[in-house]
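Summary of the model geometry
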Amino acid sequence: MKRWGRHSRLLLASALALALPLASASAQSAIYRWVDGTGDVHYSQGVDSVPPALRAGATIIGYDRPPEPSPTASASPARPSGKVTFTPGQAIMVTARINGSGSANLMLDTGASRTVINPSVLSALGVSYENARRTSLKGVTGDPTDVDAVTLESIEVDGARHGPLVVLSHDTGFGAKGDGLLGRDYLDNFTITIDNTTGILTLTPK
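Residues numbered from 1 in each chain as written. Predicted model: local features only at pLDDT ≥ 70, side-chain atom pairs only at ≥ 80, totals over all residues. Heavy atoms only, no water.

Concerning the pairing of strand β12 (residues 165–169)
Of all five residues in β12, four are buried, a share of seventy percent or more. Where strand β7 (residues 116–117) lies against β12, two bridges are found, and the strand directions are parallel. Of the residues in β12, the one forming a bridge with valine 116 is leucine 168. In the sheet, strand β9 (residues 144–152) pairs with β12 via five bridges, with the strands oriented antiparallel. The residue of β12 that forms the bridge with threonine 151 is valine 166. (Buried < 20%, exposed > 50% of the residue type's maximum accessible area, 1.4 Å probe, protein only. Helix = DSSP H or I, 4+ residues; strand = E, 2+ residues; numbered from the N terminus. Pairing = 2+ DSSP bridges.)

Structural data, given as structure tokens:
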């Protein structure tokens, strides 16, 4: 099984590894998110694939089968859903369209309570800091960092749009790997379904 590159020190102290509401499926088909002793984040299929000592801290983030269509789903127009392709066991990266214009390459992380985007990316996209407010971002090491909280008109992933949304302007240190984290402040507005066979993640508006 492949694993993520290290980024646990960059997550918010307030990040709680809560499972998102998901379509009903058997426990055997669940996709788990767990962190090993060195701080690396993993995605695994089935609880048996998580080391026994770490199962208590593992959280379900999706299932490997798409949900069955609802009998009433066609009765009214549905809001657009988004689909993201991924490689099982690796970081799930998404191209997020910011304010309907440019985009940022963000790492999807249900363990992060807030979305964090590199300041240079926000500036290049013309995001205004006029009404930004200073706040503190605390990592797992306990050292706080002052960051700007800025308001975006919207974040959109393959048609799955939400906004306005206040995000944190901060360099996560991912370098070429990505421009930041897509957190639960965005993700909690969608039901996440993971098809681990085809490598497709679906964001369905609630």
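Focus on the nonpolar core
Among the nonpolar cores identified, the biggest contains 31 residues, and Ile155, Tyr186, Leu201 and Leu203 are the most heavily contacted of them. Setting aside chain neighbours within four positions, we find leucine 201 in contact with Gly82, Lys83, Val84, Phe86, Ile92, Leu108, Ile192, Thr193 and Ile194. (Core = buried A, V, L, I, M, F, W, Y, C linked by side-chain atoms within 4.5 Å. Contact = heavy atoms within 4.5 Å.)

Thoughts on the packing of aromatic side chains
Given two aromatic rings, one states the distance between the centres and the angle between the planes to describe the pair. As enumerated under the stated definition, the model contains one aromatic pair in all. Judged by centre distance (4.9 Å) and plane angle (40°), the ring pair of tyrosine 186 and phenylalanine 190 falls under tilted. Phenylalanine 190 shares its class with tyrosine 186; the two are buried. (Phe/Tyr/Trp six-rings, centres within 6.5 Å; stacked < 30°, edge-to-face > 60°.)

Points about the pairing of strand β4 (residues 82–85)
Alternating residues of β4 divide into Gly82 and Val84, all buried, and Lys83 and Thr85, none buried. Sheet topology note: the β4/strand β15 (residues 200–205) ladder contains four bridges and is antiparallel. Across the sheet, residue threonine 85 finds its bridge partner in β15, namely isoleucine 200.

Side note on the sheet that holds β4
The three strands are arranged β4-β15-β14 in an open sheet whose pairing can be described as antiparallel. The open sheet has two edge strands, β4 and β14 (190–195), and neither has a second partner. Across the sheet, the axes of successive neighbouring strands diverge by a mean angle of 20°, strand direction being ignored. Pairing of β14 with β15 involves six bridges; the strand directions are antiparallel. Bridge pairing links isoleucine 192 to leucine 203 in β15. (Axes fitted to C-alpha atoms, helices over the stretch in contact; angles between N-to-C directions.)

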